[in-house]
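# Reading the structure
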Amino acid sequence: MAATAVLLPAAAAAAALLLLCLAGGSRATNVTYDHRALVIDGVRRVLVSGSIHYPRSTPDMWPGLIQKAKDGGLDVIETYVFWDIHEPVRGQYDFEGRKDLAAFVKAVADAGLYVHLRIGPYVCAEWNYGGFPLWLHFIPGIKFRTDNEPFKSEMQRFTTKVVDTMKGAGLYASQGGPIILSQVCPCPSCSPCSSYYCPAAAAAVCGGRRAAMWSVFVLTRVWRACPRQIENEYGNIDSAYGAPGKAYMRWAAGMAVSLDTGVPWVMCQQTDAPDPLINTCNGFYCDQFTPNSAAKPKMWTENWSGWFLSFGGAVPYRPAEDLAFAVARFYQRGGTFQNYYMYHGGTNLDRSTGGPFIATSYDYDAPIDEYGLVRQPKWGHLRDVHKAIKLCEPALIATDPSYTSLGPNTEAAVYKSGSVCAAFLANIDGQTDKTVTFNGKMYKLPAWSVSILPDCKNVVLNTAQINSQVTSSEMRYLEASAVALDGSFTTPELAVSGWSYAIEPVGITKDNALTKAGLMEQINTTADASDFLWYSTSITVQGNEPYLNGSQSNLLVNSLGHVLQVYINGKIAGSAQGSASSSLISWQKPITLVPGKNKIDLLSATVGLSNYGAFFDLVGAGITGPVKLSGPNGALDLSSAQWTYQTGLKGEDLHLYDPSEASPEWVSSNAYPINQPLLWYKTKFTAPAGDDPVAIDFTGMGKGEAWVNGQSIGRYWPTNLAPQSGCVNSCNYRGSYSSSKCLKKCGQPSQTLYHVPRSFLQPGSNDLVLFEQFGGDPSKISFVTRQTGSVCAQVSEAHPAQIDSWISSQQKMQRSGPALRLECPKEGQVISSIKFASFGTPSGTCGGYIHGECSSTQALSVVQEACIGVSSCSVPVSSNYFGDPCTGVTKSLAVEAACS
């Protein structure tokens with residue numbers, strides 16, 4: 001839709017903060033900003049953005065993800081830049097494969113979208129060590145994120161490298177490329193949550209994990225503390241970093257500007273962001289955010305579409321109605337740029353998870369799910385919201401809003417200039433529906449909703465009324481047949497060969513092991529080259545030691561985390577693990593010692609390194625003691641004894657995960673060991689046919705890592721269960737959302753399904769290698785494909801018409817009524833059957849609809865006639881088509897269909 005031209009004020013034009021071109025074009029476009037919006041070639045724009053992190057998917061997935069984002073109404077794709085993957089060794093850069101940043105940016109440009117590039121170098125993002133490479137920690141004299149010359153030198157060097165790489169490819173808007181915004185040291189932080197909604201809920205949100213983050217925001221690299229509580233917006237960063245932090249802030253801002261990218265710098269969560277930098281908001285809600293200058297537009301850089309998953313946690317989700325409400329409220333209250341974090345979350349492949357204890361899945365309940373499929377109804381409902389916002393764009397960019405109270409907890413915002421007018425009617429009551437009068441007309445507003453009126457008269461969308469379809473996802477478990485150990489396959493669907501195994505030895509096996517008195521912190525010892533560190537010592541027992549009770553002694557092992565296994569004389573004696581809320585471990589148990597020499601081997605494992613918090617880079621891991629034997633007559637403290645240390649596993653050194661490297665360690669036998677710790681397993685399998693996303697269900701295994709054709713699909717941990725309580729059967733979207741409000745799968749494994757990107761697979765034979773730390777049975781794992789089961793929708797007579805049917809009142813005085821629309825998810829599919837259809841008072845959800853007391857006898861036949869044999873159909877929701885089974889009652893149409 002064409003936007004209204006706006007004459008630039010001289011001051012804004014002089015600022016010249018942003019040069020922007022049409023994405024993918026070759027002509028630089030002049031962009032500035034004023035108090036309302038970004039201004040492109042003299043025209044204000046309302047923009048919708050979404051986060052897609054390139055290393056959390058694969059290059060073959062990028063075009064499809066980006067196209068789905070465009071189809072969903074996005075204008076901009078946002079991504080971080082991850083220092084650790086691009087410079088794994090100091091001075092050695094890697095921009096290949098999933099790390100090909102320039103290729104990702106070009107793919108966005110090819111789709112006709114813009115790019116918001118968040119360079120970091122600190123990204124947080126639930127990413128290992130916040131995106132910092134571990135070698136940075138070992139530079140002499142370095143202190144992270146403060147006025148420290150070694151850190152500033154490395155930070156500037158990498159940032160310059162990224163900027164030069166983008167400039168070299170001609171990807172900045174000032175060069176005719178798609179990058180319109182850049183950030184350095186982003187702050188994925190808690191928003192200035194407003195007590196306007198609910199002080200207690202806001203405090204809970206802002207007091208949570210992201211509220212603990214300390215970060216410097218991208219473009220300005222200014223240090224800020226993310227708010228720890230609602231009334232203390234910035235936290236206590238000054239006390240954490242003091243004067244050196246302020247000096248670093250000034251340096252970082254100057255360095256960022258000196259990079260001369262030709263695009264604007266923005267800052268999150270900083271009310272004193274210096275001109276001409278734009279300060280922005282992050283959080284679940286940002287409608288109450290106000291920029292620090294009347295000359296700057298209102299921008300929302302992180303609208304959290306859901307929340308991340310932790311091993312040992314329940315699965316969080318955010319209702320589509322609440323997310324739509326937050327978006328509409330932001331634009332209602334003067335916003336013109338908002339970004340979904342995440343729009344596609346993806347997968348934490350390899351050992352990239354942070355936390356610690358962040359799960360391998362980074363689905364985030366985003367509009368596009370981990371596997372690259374659209375999540376309905378969230379994707380479709382937000383698409384409709386974006387369309388409604390765009391219908392209002394001429395009015396939104398023409399003037400400032402005026403606000404009018406329509407009664408308790410209700411409000412109208414009107415944008416009117418000349419002949420254009422748009423209005424937003426909001427009911428921010430978390431419980432009660434309202435009926436309001438606006439411009440002499442009555443409007444029904446469900447609780448916690450916004451109605452959008454592009455002409456100030458007719459409602460095109462209400463955020464609580466979903467017109468888009470719902471899809472039910474099915475994980476199709478593939479029937480597998482065993483094949484000969486020579487790899488010959490017997491079935492076309494899936495064939496799995498017998499399992500080979502290799503034993504990972506207990507304790508020290510490497511010649512380069514280090515012996516030292518006392519206990520050593522793990523990260524400083526391993527430099528994160530592996531999750532694993534062996535601690536080994538021995539004692540000699542004569543039989544009369546005071547720490548003995550007969551042949552037994554009580555062993556205490558204290559660790560900073562994250563996972564501990566205790567071996568006595570080569571046998572497992574027990575294990576323990578921390579959690580996302582506390583990684584600390586205190587393991588205590590009686591052990592049996594034998595006369596003479598006894599060997600104590602402790603295996604410590606990390607599950608991602610800390611990525612947030614003040615001085616998070618100094619948070620340790622591993623066994624720091626005490627380690628103590630005790631009995632009825634005394635104790636023996638082993639903390640200062642001679643310990644031998646080994647980084648990593650023997651199997652890692654032998655590259656057992658790489659099928660291209662033969663090793664004599666592998667044993668092929670039908671009688672392979674199961675349910676024992678420290679085992680490697682290997683098998684061959686055929687790739688599932690078709691193009692449906694593939695996953696492995698690791699039910700039956702304990703904890704470990706998996707590789708497909710030598711590429712890691714991440715850590716698996718199906719035995720780590722969520723708490724029994726805290727989940728809800730159905731989450732009420734009404735009222736303020738927090739990360740703990742809507743949880744599911746309590747008492748179940750946090751994650752059982754692990755994504756295998758299609759590009760990891762090859763025709764014919766494929767290799768699967770597992771390292772199992774705790775013990776499991778690999779014969780119980782399953783290959784599955786993710787498919788759309790049914791497509792459903794439920795629309796009432798009170799819903800607005802489908803947004804695509806909306807025509808301005810100047811062109812058509814009467815508008816069609818509500819309609820139910822169904823569309824098959826894959827090209828070439830048609831609706832093959834109608835599983836359920838009811839017009840009246842049906843209830844339930846997709847896959848479980850039931851007829852109400854009021855139900856039309858014609859519903860099934862009417863829907864079948866309209867929908868069978870076509871890829872999409874639209875059925876009016878009206879008694880004119882179905883008859884009136886119950887007069888005086890607002891009726892709805894519910895349909896479940898199958899596509900093939």
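Residues numbered from 1 in each chain as written. Predicted model: local features only at pLDDT ≥ 70, side-chain atom pairs only at ≥ 80, totals over all residues. Heavy atoms only, no water.

The name given to the chain in an unreviewed UniProt entry is beta-galactosidase, with the source organism recorded as Urochloa decumbens. Database annotation for the chain, UniProt heading Subcellular location (unreviewed entry): "Secreted, Extracellular space, Apoplast". On record in UniProt, under Sequence similarities (unreviewed entry), the comment for the chain is "Belongs to the glycosyl hydrolase 35 family." (UniProt positions renumbered as here; feature names shortened; annotations may be inferred.)

On to the pattern of salt bridges, then. By the definition in use, this model includes 38 salt bridges. Put simply, D147 and K152 hold a salt bridge, and the shortest N to O gap is 2.7 Å. By relative accessible area, D147 is classed as partly exposed at 36%. Taking relative accessible area as the criterion, K152 reaches 6% and is therefore assigned buried. Through salt bridges with shared partners, one network takes in R45, D75, K390 and E393. (Salt bridge = Lys/Arg side-chain N within 4 Å of Asp/Glu carboxyl O. Buried < 20%, exposed > 50% of the residue type's maximum accessible area, 1.4 Å probe, protein only.)

Our next topic: the packing of aromatic side chains. Applying the stated rule across the entire model yields 51 aromatic pairs. Aromatic side chains Y241 and F615 sit 4.5 Å apart centroid to centroid with 40° between the ring planes, which places their arrangement in the tilted category. Residue Y241 is found in helix α7 (residues 237-258), and its partner F615 is found in the loop between β35 (609-610) and β36 (627-631); the two are separated by 374 residues along the sequence. Plain terms: the ring middles of W717 and F774 are 6.3 Å apart, the flat faces sit at 70° to each other, and that makes the pair edge-to-face. A residue pair is termed long-range when its members are at least 10 positions apart, and W717 in the loop between β43 (711-716) and β44 (743-744) and F774 in the loop between β46 (765-772) and β47 (782-796) qualify at 57 residues. (Phe/Tyr/Trp six-rings, centres within 6.5 Å; stacked < 30°, edge-to-face > 60°. Helix = DSSP H or I, 4+ residues; strand = E, 2+ residues; numbered from the N terminus.)

Turning to the sheet that holds strand β17 (residues 402-407), a few remarks are in order. Taken in spatial order, the five strands line up as β17-β18-β19-β22-β23 in an open sheet, and their pairing is antiparallel. Edge positions in the open sheet fall to β17 and β23 (461-462), since each of these has one partner strand only. Judged from the five bridges that link them, strand β19 (residues 420-427) and strand β22 (residues 449-453) form a sheet pairing that is antiparallel. If you follow A423 over to β22, its bridge partner there is L453. (Pairing = 2+ DSSP bridges.)

With that settled, the discussion passes to the side chain of D617. Among the structural elements, D617 can be located in the loop between β35 and β36. No salt bridge is formed by the buried D617. Its closest oppositely charged neighbour is R145, at 4.9 Å. (Lys, Arg positive; Asp, Glu negative; His and termini not counted.)

So, about helix α5 (residues 149-168). In a regular helix each residue adds 1.5 Å, so 20 residues correspond to 28 Å; α5 covers 28 Å between its end C-alpha atoms and thus fits that length. For α5, the N-terminal capping position is held by N148, with its side-chain oxygen 2.9 Å away from the main-chain nitrogen of F151. Positive phi shows up at G170, right after α5, with a value of about 65°. (Expected span 1.5 Å × (residues − 1). Polar contact = N/O pair within 3.5 Å; in protein donor to acceptor, adjacent residues only side chain to side chain.)

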